[in-house]
Amino acid sequence: MQLTNRSKVVSNKKMSFAEKLYLPAIVKGLAITMSHFFRKPATISYPEEKRYIAPVWRGKHVLKRDANGAENCTACGLCAVACPAEAITMTAAERKPGEEHLYREEKYAAVYEINMLRCIFCGLCEEACPKEAIFLTPELVPTYLNREEFIYGKDKLVEPIDKRVDITQRQKHLVEKKQ
Amino acid sequence: MGIELLIFKSILVMVIFTITLTIAAYSTYGERKIAAFLQDRIGPNRSGPFGIFQPVADGGKMFLKEEIIPADASAFLFVLGPSLAMLTALMTGVVIPWGDTLTLNGVEYSLQITDLNIGVLYIFGVVSFGVYGIMIGGWSSNNKFSLLGAIRASAQMISYELAMGLSIVALIMTTGTLSIKEIVDQQATWHWNILYQPLGFLIFMICAFAECNRAPFDLAECETELVGGYHTEYSSMKLGFYLFAEYINMFISSALMASLYFGGYNFPFMNSLGLDQNWVTILGSVVFFGKVFFFIFFFMWIRWTIPRFRYDQLMRLGWQSLIPLAILNILLTGIFTMREELKNWLFN
Ligand code: SF4
Ligand code: SF4
């Protein structure tokens, strides 16, 4: 049975004298490499040039705030349980009266850390979250010189109030469900 | 010998030494750039404009790396290896005629450090000495991969030196001299030896690739089989010396090919331009370096085109193809140069 037309019959025929010389083949090879010499390089010089990244790309996480600027996360720990790489750790705390503008629920994450070296960017945390608190964004996690810097705390994860992160492209179905 | 001549020669030695080292350093840059272009990449471009400080950065890195001498290695020989490789690489440059004569204040100065009347033999002697650097380095590191690399290197060099020598014999039969300067002078304007010795040149070039341990004959290094070959155990500037010596060898063999077969500093119409002799000399040197750069480029071009030989293929090519071909070449050259005598002998 033949599945594709790409199979090639191995030929063991004796090479002709011209083929045995190899020189014509070498010249042909040189011509091929030379034709590549003048081709446009495929390289993208990263920090200056950026390639297109799809809006649904799973990159660095963001911890969302609600419309009033209060953090969505309630430190339920479901994301940490869902995480196959065990990258998420958190410490829960109870909301004090007067902190309603900071935290949406009565319980909140005092410490919330994602180890970006462990994370495999699978997006399961996002799926597990019942509060629409954590999302992945098309932003890339940069490189650092030591391991500690890869552990992202709330300072890096929670979106700034004045600079909201748009995740509507990424999670259309969730956004629609919510409305 | 006048004091002026001594000063001139000393300056020439310095200049050629500097040029050799600079070209070797920038060959590493050229190699990476050319490799990149041939593979649709852009190559090193971060250090300085177009990455032209890359060799400086590489050299600095080599100096700053930790110097490791394996515990079981013989320390003296371990250091001797790269030193010998570098020494022999740098020694060959003295007999290459980098240009014709310059006339300053009525005195003629030759742009060749020394015109040995056995220049070709001298080069062969020094080049075959070069294998000791690799051999000693590989053997003294006390590592099986290094030893295998060294054995391969020496076997390869010995095999290809034969064919190389035989291809040169045919050239010497037509030129009748062993002095490189005279060989170059005989090729005035366009009477280049490549026109008379195409087969000889082909054999010589293939052997030059093998002598320099360049791809497709880089079995002595052969990362895929032997880790790093003879320099597996080397680090820091000792490794740098080995790599550097390879590039110097490449430069010198390019210069040798250019002067033996491609007319050295001669170029067509050089005498009908109506220029001053000094200008012709300078122009000739520029042309010579142009030819050398072309060959260096060719070395690299081949490296990124042809895959490495297998060891048995290498030996078969050397012993069963190149040596018989070189002997055939000698025979044909002999028949050609003696054609008048042969005609008389056959038909009278
Ligand atoms: S993306 Fe996957 S691996 Fe990364 S934190 Fe979320 S669940 Fe864990
Ligand atoms: S991010 Fe979501 S799943 Fe994780 S602790 Fe907060 S609310 Fe729970």
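Residues numbered from 1 in each chain as written. Chains lettered and ligands numbered in written order. Predicted model: local features only at pLDDT ≥ 70, side-chain atom pairs only at ≥ 80, totals over all residues. Heavy atoms only, no water.

Caption draft 1: Just the overall build of chain A, in detail. Secondary structure summary: chain A contains six helices and five strands in total. Across chain A, helices and strands are ordered from the amino to the carboxyl terminus as α-α-β-α-β-β-α-β-β-α-α. Here the C-alpha atoms of chain A give a radius of gyration of 27 Å, more than 25% beyond the 16 Å that 2.2 N^0.38 yields for 179 residues. Across its three principal directions, the C-alpha atoms of chain A cover 95 × 45 × 35 Å. Looking at the 179 residues of chain A, the share that counts as buried comes to 32%. Contacts in chain A between residues at least 24 apart in sequence constitute 73% of all its contacts with a sequence separation of at least 6. Element-wise, carbon and sulfur atoms account for 58% of the exposed surface of chain A, whose accessible area totals about 12,700 Å². Here chain A carries 29 positive and 23 negative side-chain charges, and the mean point of each set is 13 Å from the other. (Helix = DSSP H or I, 4+ residues; strand = E, 2+ residues; numbered from the N terminus. Rg over C-alpha atoms; globule rule 2.2 N^0.38 Å. Buried < 20%, exposed > 50% of the residue type's maximum accessible area, 1.4 Å probe, protein only. Contact = heavy atoms within 4.5 Å. Areas by Shrake-Rupley, 256 points an atom, 1.4 Å probe, with all protein chains shown as cover. Lys, Arg positive; Asp, Glu negative; His and termini not counted. Charge placed at Lys NZ, Arg CZ, Asp CG, Glu CD.)

Caption draft 2: Just the environment of Asn5(A), in detail. Residue and element names in this part refer to chain A. Structurally, Asn5 can be placed in the segment before helix 1 (17-21). A relative accessible area of 72% means that Asn5 is categorised as exposed. As for Asn5 and Glu49, which are separated by 44 residues in sequence, their C-alpha atoms are 40 Å apart.

Caption draft 3: How the structure looks around the pattern of salt bridges. Using the criterion set out here, one finds 15 salt bridges over all chains in the structure. Residue Arg104(A) is joined to Glu105(A) by a salt bridge in which the shortest nitrogen-to-oxygen separation is 3.0 Å. Ionic contacts of the salt-bridge type, sharing partners, join the residues Glu31(B), Arg214(B), Glu246(B) and Arg303(B) into one network. (Salt bridge = Lys/Arg side-chain N within 4 Å of Asp/Glu carboxyl O.)

Caption draft 4: Quick peek at the interface of chain B and chain A. Every contact between the two is made by 15 residues of chain B and, on the other side, 16 residues of chain A. Across the chain B to chain A interface the summed buried area is about 1,300 Å²; carbon plus sulfur atoms make up 70%. When the shortest N-O distance is used, the salt bridge between Glu48(A) and Arg46(B) registers 3.2 Å. On inspection of chain B and its partner chain A, the count reaches seven residue pairs in polar contact (both at pLDDT 80 or more). Looking at the side of chain B that touches chain A, the elements with two or more residues in it are helix 1 (3-38) and helix 10 (277-303) of chain B. Examining the composition of the side of chain B that touches chain A, we find that four residues originate from one element, helix 10 of chain B, more than from any other. When grouped by side-chain class, the residues that make up the side of chain B that touches chain A number 11 nonpolar, one polar and three charged. (Buried area = accessible area lost by both parts, 1.4 Å probe. Polar contact = N/O pair within 3.5 Å; in protein donor to acceptor, adjacent residues only side chain to side chain. Nonpolar A, V, L, I, M, F, W, Y, C, P; charged D, E, K, R; others polar.)

Caption draft 5: Looking closely at the layout of surface pockets. Of the volumes computed, that of the largest pocket is approximately 1,300 Å³. Around the largest pocket, the lining comprises 37 residues; the ones closest to its centre are Leu21(A), Tyr22(A), Ile26(A), Phe309(B) and Leu317(B). Of the residues that constitute the lining of the largest pocket, the class distribution is 27 nonpolar, five polar and five charged. Its volume calculated, the second largest pocket comes out at about 600 Å³. Around the second largest pocket, the lining comprises 23 residues; the ones closest to its centre are Thr28(B), Pro55(B), Asp58(B), Gly59(B) and Phe244(B). Counting residues per element, the ones that place at least two in the lining of the second largest pocket are helix 1, helix 2 (54-64) and helix 9 (236-261) of chain B. In terms of residue count, the dominant contributor to the lining of the second largest pocket is helix 1 of chain B (eight residues). Grouping the amino acids of the lining of the second largest pocket by side-chain chemistry returns 14 nonpolar, four polar and five charged. (1 Å grid on protein atoms, 1.4 Å probe; cavity = no way out; pocket = protein on both sides within 12 Å on 5 of 7 lines; lining within 4 Å. Points joined across faces, edges and corners; volume = space filled by probe spheres on them.)

Caption draft 6: Fine view of the sheet that holds strand 2 (residues 88-94) of chain A. All names here are of chain A. Here three strands make up an open sheet; going across it, the order is 2-3-5 and the pairing antiparallel. In the strand order of this sheet, the two ends are held by strand 2 and strand 5 (151-152), each with one partner. Pairing between strand 3 (residues 107-115) and strand 5: two bridges, direction antiparallel. In the strand pairing of strand 5, Ile114 is matched with Tyr152. (Pairing = 2+ DSSP bridges.)

Caption draft 7: Summary view of the site of ligand 1. As a matter of local geometry, ligand 1 sits amid His61(A), Cys83(A), Pro84(A), Ala85(A), Ile88(A), Cys119(A), Ile120(A), Phe121(A), Cys122(A), Gly123(A), Leu124(A) and Cys125(A). The residue makeup of the shell around ligand 1, split by class, is 10 nonpolar, two polar and no charged. (Near = heavy atom within 4 Å.)

Caption draft 8: Quick look at the site of ligand 2. The immediate surroundings of ligand 2 are formed by 14 residues, with Cys73(A), Cys76(A), Gly77(A), Cys79(A) and Cys129(A) found nearest. Of the residues assigned to the shell around ligand 2, the class counts are 11 nonpolar, two polar and one charged.

Caption draft 9: Representation of the packing of aromatic side chains within the structure. Taken as a whole, this structure holds 31 aromatic pairs over all chains when the rule is applied. Considering the side-chain rings of Phe204(B) and Tyr261(B), the 5.6 Å spacing of their centres and the 45° angle between planes classify their relative orientation as tilted. Here the residue Phe204(B) occupies a position in helix 7 (residues 198-211), and Tyr261(B) occupies one in helix 9, the gap between them amounting to 57 residues. The side chain of Lys156(A) reaches across the aromatic face of Tyr152(A), ending 4.6 Å from its centre. (Phe/Tyr/Trp six-rings, centres within 6.5 Å; stacked < 30°, edge-to-face > 60°. Lys NZ or Arg CZ within 6 Å of the ring centre and 35° of its normal.)

Caption draft 10: Local environment of empty space enclosed by the protein. Residue and element names in this part refer to chain B. Considering all chains together, one arrives at four cavities of 30 Å³ or more under this definition. Considering only enclosed or pocket space, the largest cavity measures out at about 350 Å³ in volume. Lining the largest cavity are 24 residues, with Val127, Met157, Glu211, Cys212 and Asn249 positioned closest to its centre. For the lining of the largest cavity, the secondary structure elements donating two or more residues are helix 3 (75-91), helix 4 (119-140), helix 5 (144-175), helix 7 and helix 9. For the lining of the largest cavity, a count of residues per class yields 16 nonpolar, six polar and two charged.

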